[in-house]
Amino acid sequence: MKVLVVGSGGREHALCWAIAKSTKLGKLYCAPGNAGIADVAECIDIGGEDVDALVGFAKDNAIDLVVVGPEAPLVLGLVDKLEAAGIRAFGPSAAASVLEGSKGFMKDMCAKAGVPTAAYGRFTDPEKAKQFIQDHGAPIVVKTDGLAAGKGVIICQNVEAAMTAVDDIMGDKKVFGIAGNEIVIEEFLQGEECSFFALVDGERALPLAAAQDHKAAFDGDKGPNTGGMGAYSPTPIATPEICDKIMETAITPLIKTMAAEGCPYKGVLFCGLMVRDGVPTVLEYNIRFGDPECQVLMMRWKSDVLEALDAAAQGRLDDITLDWHDETAMVVVMAAQGYPGAYEKGTEIKNIDAANSVEKAYVFHAGTKADGDRVLATGGRVLGVTGRGASVIEAQTTTYKAVDAIDWPNGFCRRDIGWRAVERERTKV
Ligand code: AMP
Ligand code: GLY
């Protein structure tokens, strides 16, 4: 098969790395890719959001399957356009992508499907929104309806802060632009968060695995929120019983409802949940693999990844059984100092090879480019250093050994990825 992966982050490096191992693969391309992806795929200089150029490339090169990494091209209708051109694609249509593109749509789908989620209201009128806040009290969560680069969720500890959030989003300032024309206000959920992933072929869903992300920039879950500073999988918060419950209450009913509403879902479905006393409640759905969660899923995934993604794209997941490594996988994100704020670009990273030679470790590139033999940092999140081990503690030891092999004075990482699971493991002994 000839395969094109779209994207340039750590998620896409992990996807390319896993697809490259498939016995079904003939040739692998990635657009636009990065310095690490270039080791396993031919990188094509087309931006991930240049939908027409991507379709043109896929047609000209007789691509058999396009695997779309990030949400932006999905929301722009890349899959619809590829399919109209007769090219198979892994990922949802633009109509189904509204699940991530609009929180109001997502909440309405949950209500229709009976999916357990936080109580909510949708508002275009700030005065009605404020009345809702007065009626419900704090803590309360104010969200922009549309995509706001991960910044459109404001957790408010008191009513005053919630009123200010409504004004910031909907007032003259329009802090989030068009994403703030409508807002969702919802009940604050307590518990521990996890990310759950399933493959979906339009009708059926096949569970992949759960992972736990670490969104705060600094140790102890302190500092500003980021795209994710590290993850591990499996996670003790999502026991096999809880994973079954998530499939039953949050995945299967949603898939059925999406199909009944005329926007069947195909691709990977990423469900973010809060788990409290063994009960999972949905926070959000994303229409793509998580980043950095994808890196640990690919490290654990033993059977043929390309075969499974292709089966999902073709609507025949019934033919697929999946096989996983028994071990725990962990990823630690190395980011440019200053991230998620302003950071310097173009600094040199050395000794990635030394990290890759640590047993059971592998470095996925997220924001890098090659400059001759040198590797330069080009993004905020720059590397995803991954490792596997028999326990969370062993996976953590391996991963940080690889992190410590890397020489990049301009980077930083959290030193406590997996801390909740490590604490649980320690108290068991
Ligand atoms: P979202 O993009 O909707 O998942 O929100 C981003 C983050 O905000 C989540 O990962 C949670 O940490 C937090 N969050 C969102 N909604 C809620 C809620 N209803 N209760 C508590 N925390 C929330
Ligand atoms: N790591 C969370 C996300 O990809 O949205």
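The structure we're discussing is the one just above.
1. A word on the sheet that holds strand E2 (residues 27-32)
Within the open sheet, the 5 strands sit side by side as E3-E2-E1-E4-E5. Their pairing is parallel. Each having just a single partner strand, strand E3 (42-43) and strand E5 (88-90) make up the two edges of the open sheet. Seen against the sheet, helix H1 (residues 10-19) touches strand E1 (2-7), E2 and strand E4 (65-68) and runs at an angle of roughly 165° to E1. Of the strands in this sheet, E1, E4 and E5 are in contact with helix H11 (residues 305-314), which crosses E5 at around 110°.

2. Regarding the pattern of salt bridges
When the charged atoms of two side chains lie near each other, side chains of opposite charge can form a pair. Tallying each qualifying case throughout the model produces 27 salt bridges. When the shortest N-O distance is used, the salt bridge between Asp221 and Arg420 registers 2.9 Å. Residue Asp221 is found in the loop between strand E12 (216-218) and strand E13 (222-225), and its partner Arg420 is found in helix H14 (residues 419-428); the two are separated by 199 residues along the sequence. According to the relative accessible area criterion, Asp221 is partly exposed, its value standing at 28%. A salt bridge links Lys360 to Glu327; the shortest N-O distance between them is 2.4 Å. One end of the pair, Lys360, is in the loop between helix H12 (352-356) and strand E19 (361-365); the other, Glu327, is in the loop between H11 and strand E17 (328-336), with 33 residues separating them in the sequence. One network of salt bridges, in which partners are shared, links Asp221, Arg414, Asp416 and Arg420.

3. A closer look at the site of ligand 2
Ligand 2 sits among Asp213, Gly227, Phe270, Arg288, Gly290, Asp291, Pro292 and Glu293. A distance of 2.8 Å separates a nitrogen atom of ligand 2 from a polar side-chain atom of Asp213. Within the complex, the protein chains bury 88% of what would otherwise be the 200 Å² of accessible surface of ligand 2. Tallied by class, the residues present in the shell around ligand 2 amount to 2 nonpolar, 2 polar and 4 charged.

4. Topic: the pairing of E2
Looking at chain direction, E1 and E2 are connected through 6 bridges and run parallel. In the strand pairing of E2, Val6 is matched with Ala31. Note that E2 and E3 share 2 bridges and pair parallel. Bridge assignment links Tyr29 to a residue of E3, and that residue is Glu42.

Quick notes on the rules
Numbering of residues starts from 1 in each chain and follows the order in which that chain's sequence is written. Ligands are numbered from 1 and chains lettered from A, in the order in which they are written. Under the rules for a predicted model, residues below a pLDDT of 70 receive no local features and side-chain atom pairs below 80 are neither given nor counted, while totals for whole chains, interfaces and linings still include all residues. Water and hydrogen atoms play no part in the side-chain values, which are based on all heavy atoms of the structure. Should DSSP find at least two bridges between two strands, the strands are taken to pair. Helix and strand definitions here come from DSSP, where helices need a minimum of 4 consecutive H or I residues and strands a minimum of 2 consecutive E residues; each element is numbered from the N-terminal end. Residue contacts are defined here by distance: any two heavy atoms, one from each residue, within 4.5 Å place the two residues in contact. Here an axis means a line fitted to C-alpha atoms, over the contact stretch when the element is a helix, while the angle between two N-to-C directions is reported on a 0 to 180 degree scale. Whenever Lys or Arg places a side-chain nitrogen within 4 Å of a carboxyl oxygen from Asp or Glu, that contact is recorded as a salt bridge. Buried means the residue's accessible area, taken with a 1.4 Å probe over protein chains only, is under 20% of the maximum for its type, while exposed means over 50%, and partly exposed covers the values in between. In these notes, residues near a molecule or strand are those with any non-hydrogen atom within 4 Å of it. Here a polar contact is taken to be a pair of N or O atoms separated by no more than 3.5 Å, where protein atoms must pair a possible hydrogen donor with a possible acceptor and residues adjacent in sequence count only if both atoms sit in side chains. What sets the accessible areas is the Shrake-Rupley method with a 1.4 Å probe; for residues, cover comes only from the shown protein chains. Each residue is assigned to one of three groups, with Ala, Val, Leu, Ile, Met, Phe, Trp, Tyr, Cys and Pro labelled nonpolar, Asp, Glu, Lys and Arg labelled charged, and all others, Gly among them, labelled polar.

Remember that the coordinates give geometry; whether it matters functionally is a separate question.
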